[in-house]
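Understanding the architecture of this molecule
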Amino acid sequence: MMARETGILADRAISALFETGRLISERELDRDQIQPASLDLRLGGKAFRVRASFMPGPSHLVSDKLDRLSLHVIDLSEGAVLETGCVYIVPLMESLALPADMSASANPKSSTGRLDIFTRVITDYAQEFDKIPSGYSGPLYLEISPRTFPIVVRRGSRLSQIRFRVGQALLGEPELLKLHESETLVASKLPNVSGGGIALSIDLAGDKEGLIGYRGKHHTAVVDVDKKAQHDIYDFWEPLHSRGRNELILDPDEFYILVSREAVHVPPDYAAEMTPFDPLVGEFRVHYAGFFDPGFGHAPAGGRGSRAVLEVRSHEVPFILEDGQIVGRLVYEHMQEKPASLYGSGLGSNYQAQGLKLSKHFRI
Ligand SMILES: O=c1ccn([C@H]2C[C@H](O)[C@@H](COP(=O)(O)OP(=O)(O)OP(=O)(O)O)O2)c(=O)[nH]1
């Protein structure tokens, strides 16, 4: 099939960006750094502990702000602990020289969101976080603020990811409904399409044992972001069980890992993104709206029945979530072309065919 002109760049096109000097990295790429529709971004060698988060604004470089706001510089070459409640800025190894018709957007990796590590990509002259305007040329920085667990990171750790886009690629509602009819995007009897996205609701009925989710513990040991299956779940998480009512009272400022009631499907020619549910409907939100890869939940890629894992917080007031309540929406975009490798097929993918799944750092 011919590549579309507009759309999200697939793996091959991301590799080509390196070859043409549109993407520059201070070190050779890691083997699995290019994903089906995104590139993982790597931390550089130092972290700046800053007093507070900031936006550079139209007339400032990030480095200008760091000169003013940096309290201490931390060497990441051997690894260092980033503490909860503190804000750090880390220059990333990758930088950009995008063509005029190409923009990009960034998001925490799902593993980062599941650890409640708040991250946002910042560019020079930025007026928005995680958005890289068309034609941007310059460095990338990552703001990091661990919320629940202190973490160990090092030069090369991958916390955030970036997607590249040519033109406008978002599916309108009629197109989204048509795709849902042929491909079942969200396995719901009554698909709810509105606000440009298809709704996901929460499962609070639980599994056979009535497990509905996990609540992060406080004052834990540190999590090394680069190590898989290192930690015992129960040292970091309190399991939550249904007590018959299929509801959960969200405690403000606690962090919850929950799961969607519906299975989710991203066909190979599309990429999806979860957007938080309208906060006007309740003072809670899916905290880290994330990227969903082409092939996630796709049966030929081993994904049948994959649910979406949801990272949920309530703000200001306690809030009762009920089984089946809408908590987020998936928006879909066209890929420019089908990726060479789909999510779940030989990329070391951690979450294909997942149910209620904590991040890869924990062992059962
Ligand atoms: O809020 C989210 C975001 C994503 N996902 C799923 C869909 C996505 O395709 C998959 C992997 O996401 P990502 O690539 O961001 O995670 P990762 O940490 O890089 O894991 P992997 O190593 O499996 O790519 O997790 C969720 O369940 N919930």
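About the thresholds
Residues numbered from 1 in each chain as written. Predicted model: local features only at pLDDT ≥ 70, side-chain atom pairs only at ≥ 80, totals over all residues. Heavy atoms only, no water. Domains from an automatic or database assignment. Contact = heavy atoms within 4.5 Å. Buried area = accessible area lost by both parts, 1.4 Å probe. Salt bridge = Lys/Arg side-chain N within 4 Å of Asp/Glu carboxyl O. Near = heavy atom within 4 Å. Polar contact = N/O pair within 3.5 Å; in protein donor to acceptor, adjacent residues only side chain to side chain. Areas by Shrake-Rupley, 256 points an atom, 1.4 Å probe, with all protein chains shown as cover. 1 Å grid on protein atoms, 1.4 Å probe; cavity = no way out; pocket = protein on both sides within 12 Å on 5 of 7 lines; lining within 4 Å. Sits in = over half its atoms within 2 Å of the grid points. Helix = DSSP H or I, 4+ residues; strand = E, 2+ residues; numbered from the N terminus. Nonpolar A, V, L, I, M, F, W, Y, C, P; charged D, E, K, R; others polar. Points joined across faces, edges and corners; volume = space filled by probe spheres on them. Buried < 20%, exposed > 50% of the residue type's maximum accessible area, 1.4 Å probe, protein only. Pairing = 2+ DSSP bridges. Phe/Tyr/Trp six-rings, centres within 6.5 Å; stacked < 30°, edge-to-face > 60°.

As a further point, take the domain arrangement of the protein. When the parts of a complex come together, some accessible area is lost, and that lost area is often used as the size of the interface. Here the protein is partitioned into domain 1 (7-166) and domain 2 (173-334). When each unit is reduced to the centre of its C-alpha atoms, the spacing between domain 1 and domain 2 is 24 Å. Contact residues are listed per partner, giving 33 residues for domain 1 and 30 residues for domain 2. Among the residues of domain 1 in contact with domain 2, Arg114, Phe149 and Arg163 are the three that bury the most area, contributing 26% of the side total. Linking domain 1 with domain 2 are 4 salt bridges, by the criterion used here.

Attention now goes to the site of the ligand. By nearness alone, 20 residues border the ligand, and Ser111, Asp293, Tyr343, Asn350 and Gln354 come closest of all. Backbone polar atom of Val309 to a nitrogen atom of the ligand: 2.8 Å apart, as the coordinates give it. In the model, an oxygen atom of the ligand is placed 2.5 Å from a nitrogen or oxygen of the Tyr343 side chain. Starting from 590 Å² of accessible surface for the ligand in isolation, the protein chains cover 97%. When each cavity is represented as a set of grid points, the ligand is found to reside in the largest pocket. Listing elements by their share of the shell around the ligand, those giving two or more residues are α3 (110-114), β24 (291-292) and β25 (307-314). Grouping the amino acids of the shell around the ligand by side-chain chemistry returns 9 nonpolar, 7 polar and 4 charged.

Okay, the layout of surface pockets next. The calculated volume of the largest pocket comes to roughly 790 Å³. Every residue lining the largest pocket is counted, 38 residues in all, and those nearest its centre are Lys109, Ser111, Asn350, Tyr351 and Lys360. Looking at the lining of the largest pocket element by element, the count peaks at 5 residues for α3. Inspection of the lining of the largest pocket shows a minimum of three residues originating in each of domain 1 (7-166) and domain 2 (173-334).

Here we take up the environment of Tyr270. Among the secondary structure elements, Tyr270 is positioned in strand β22 (residues 270-276). We classify Tyr270 as buried; its relative accessible area is 16%. Put simply, Tyr270 and Ile74 are 196 residues apart on the chain and 40 Å apart in space, counted from C-alpha to C-alpha. Those residues in contact with Tyr270 that sit more than four places away from it in its chain are Leu171, Leu179, Pro294, Tyr332, Glu333, His334 and Met335.

Of all 7 residues that make up strand β9 (residues 117-123), 6 are buried, and the element is covered over most of its length. Here β9 pairs with strand β11 (residues 137-146) via 7 bridges, running antiparallel. Paired with Thr123 across the strands is Leu140, a residue of β11.

What follows concerns the packing of aromatic side chains. The way to describe two aromatic rings as a pair is by their centre distance and the angle between their planes. Evaluated as defined, the whole model comprises 9 aromatic pairs. Measuring from ring centre to ring centre gives 5.9 Å for Trp237 and Phe362, while their planes differ by 80°; the resulting arrangement is edge-to-face. Separated by 125 residues along the polypeptide, Trp237 in strand β19 (residues 237-241) and Phe362 in strand β28 (residues 362-363) bring together distant segments of the chain. Judged by its relative accessible area of 0%, Trp237 falls in the buried class. What makes Phe362 buried here is its relative accessible area of 8%. When the ring of Phe296 is compared with that of Tyr343, the centres are 5.8 Å apart and the planes differ by 55°; the resulting orientation is tilted. Residue Phe296 is located in the loop between β24 and β25, and its partner Tyr343 is located in the loop between β27 (326-334) and β28; the two are separated by 47 residues in the primary sequence. For the pair formed by Phe296 and Tyr343, the shared burial category is buried. Members of the aromatic cluster, connected to one another through ring pairs, are Phe149, Tyr214, Phe236, Trp237, Phe255 and Phe362.

Below, the discussion takes up the sheet that holds strand β6 (residues 80-82). Taken in spatial order, the 3 strands make up an open sheet running β6-β12-β17, and their pairing is mixed. Single-partner strands in this sheet number two, and they are β6 and β17 (223-224).

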